[in-house]
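# Analysis of the macromolecular model
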Amino acid sequence: MENGKQVAEWFRTQFEALRAEIAKVIVGQEEVVENVLVAVAAGGHALLEGVPGLGKTLLVRTLAQSLNLQFARIQFTPDLMPADVTGTNILAESETGSRTFVFRPGPVFTNILLADEINRATPKTQSALLEAMQEQAVTVAGRRYPIEPPFWVLATQNPIEQEGTYPLPEAQLDRFFFKILVGYPTLEELREIVNRTTGAEMPHASAVADKETLLRMQQVVREVPIAQPVQDFALRIVVATHPGSPYAPPEVNRYVRYGSSPRGAQAVILASKVYGLLDGRYNVSREDIQRALKPALRHRILLNFEAEADGITPDQVLESVLEHVKRGEAEPIKV
């Protein structure tokens, strides 16, 4: 039986190989790449938010190449129908002349699904992904069709052009493990991007892992132990995002309509286990919890109109929550 240190070293080696391979194509965006890989290693879906042209689609395609997994892309538009995502039954004629309905799978039957500009589709079409994201299956005409693991939805949305868009409902946002903010490149990074993409050859990623390796990485993450005090630290943070809670700081009571769901606590714990492994440890520290806090909870906090008027963001609220809990102003959770 491998000890914890050996397992952590194996995990980190696999993770760093993926990171290095993606870096052959993606310039900069180190935090974005790391967060996407953390979500994948933990078995969760990710929502990437950023203006067009920042390489979000290229990142997802490169990830699929480096993992040697099936990849499919759906460009979400207002006229996209649920059957365009899940698939539909078609009338097929056999060699004997008889006609029967046969299920034709949609693009959701893949390993990595890129849902490009997901907020441009109608709520009916967006909801077609809900069952797939949660249950890894779709139901068509009353029959359930499972999706073979591994399966992830990596969705993108544009935060500035909101005309003709349909914001994701809270129930669907909650099913995303991470919400990752994609920013602009620096001058040096932009220079490297131009050098790589305007020459005779385009960069390409090779497969450095496979499906079995990835499934083992997910299993390793779930086996990492977490001490009760560290887990309570994470749970106090989640509970402190609920307005009206005795653990909530003043900023939460003033600016937050609804706090994080239990899925937020699950995401924080799983992501912190990945960060611990990346640090060569087979355990979780409070620092790991803090690293996972914003990407795991920023989309699970619903702000009110006063927050919008004052220019308050979910990240700022989470910073207040973290400082409040660290100062020990919240009473310990009774277990």
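Higher on the page you've got the structure.
Here goes a summary of the coordinates provided. The shown structure was predicted, so the numbers you read here are calculated from the model rather than taken from an experiment.

Cut-offs applied
Residues numbered from 1 in each chain as written. Predicted model: local features only at pLDDT ≥ 70, side-chain atom pairs only at ≥ 80, totals over all residues. Heavy atoms only, no water. Axes fitted to C-alpha atoms, helices over the stretch in contact; angles between N-to-C directions. Helix = DSSP H or I, 4+ residues; strand = E, 2+ residues; numbered from the N terminus. Parallel < 35°, antiparallel > 145°, perpendicular 65-115°, else oblique. Left-handed = near helix turned anticlockwise from the far one by under 90°. Contact = heavy atoms within 4.5 Å. Phe/Tyr/Trp six-rings, centres within 6.5 Å; stacked < 30°, edge-to-face > 60°. Buried < 20%, exposed > 50% of the residue type's maximum accessible area, 1.4 Å probe, protein only. Expected span 1.5 Å × (residues − 1). Nonpolar A, V, L, I, M, F, W, Y, C, P; charged D, E, K, R; others polar. Pairing = 2+ DSSP bridges.

Right, let's talk about the packing of helix α13 (residues 286-297) against helix α15 (residues 314-326) for a bit. Relative orientation and spacing of two packed helices are given, respectively, by the angle between their axes and the distance between those axes. Packing of α13 against α15 brings their axes to within 10 Å, and their N-to-C directions diverge by 150°. In terms of axis orientation, α13 runs roughly antiparallel to α15. Where α13 crosses over α15, the two elements pack in a sense that is right-handed. Of α15, the residues touching α13 (which contributes R286, Q290, L293, K294 and L297) are D315, L318, E319, L322 and K326.

Enumeration over the complete set of coordinates arrives at 2 aromatic pairs. The interplanar angle of 25° and the centroid separation of 6.2 Å between the aromatic rings of F11 and F15 together place this pair among those described as stacked. Taken together, the residues F11 and F15, both in helix α1 (residues 4-23) and 4 residues apart, mark about one turn of the helix. Neither residue differs from the other here; F11 and F15 are each classed as buried. Residues F177 and F178 carry aromatic rings whose centres are separated by 4.9 Å and whose planes lie at 35° to one another, so their mutual orientation is tilted.

It is worth spelling out helix α2 (residues 30-41) at this point. Look at α2: 16 Å from first C-alpha to last across 12 residues, which is about the 16 Å you get at 1.5 Å a residue. Burial within α2 is extensive, with 10 of its 12 residues counted as buried. Residues V32, V33, E34, N35, V36, L37, V38, A39, V40 and A41 constitute the buried set of α2. A positive backbone phi angle near 80° is found at G43, which sits one or two residues after α2.

So, on to the environment of P185. Here P185 is to be found in the loop between β9 (176-181) and α8 (187-197). Residue P185 is classed as partly exposed on the basis of its relative accessible area of 26%. Taking the C-alpha atoms as reference points, P185 and E117, separated by 68 residues in sequence, lie 20 Å from one another. Residues in contact with P185, not counting those within four places in the same chain, are L54, L190 and I193.

A few words on the packing of helix α10 (residues 228-239) against α15. Here α10 crosses α15 at 130°, and the two axes come no closer than 9 Å. Classified by the angle between their axes, α10 and α15 sit oblique to one another. Judged by the sense of rotation from one axis to the other, the crossing of α10 with α15 is right-handed. Contacts from F233, R236 and I237 in α10 reach V321, L322, V325 and K326 in α15. Here the residues of the contact of α10 with α15 sort into 5 nonpolar, no polar and 2 charged.

A few words now on the sheet that holds β9. Here we have 5 strands laid out as an open sheet, ordered β2-β5-β8-β1-β9, and parallel in their pairing. For this open sheet the edge positions go to β2 (71-75) and β9, each flanked by a neighbour on one side alone. Taken over all neighbouring pairs, the strand axes of this sheet differ in orientation by 20° on average, direction set aside.

The subject of this paragraph is the pairing of strand β6 (residues 137-140). In this structure, β6 lies alongside strand β7 (residues 143-146), joined through 4 bridges in antiparallel fashion. Looking across to β7, one finds that V140 is bridged to R143. Counting the residues in the hairpin turn of β6 and β7 gives 2 residues, including A141, whose phi is positive at 55°.

Glancing now at the pairing of β2. Judged by which residues are buried, β2 turns out to be one-sided: A72 and I74 face inward and are buried, whereas F71, R73 and Q75, on the alternate face, are not. Pairing between β2 and strand β5 (residues 112-116): 5 bridges, direction parallel. The residue bridging R73 from the neighbouring strand is L114, located in β5.

Let's shift gears to the environment of F305. Turning to its location among the elements, F305 is positioned in helix α14 (residues 305-310). We classify F305 as exposed; its relative accessible area is 70%. Between the alpha carbons of F305 and Y255 there is a distance of 7.8 Å; along the sequence they are 50 residues apart.

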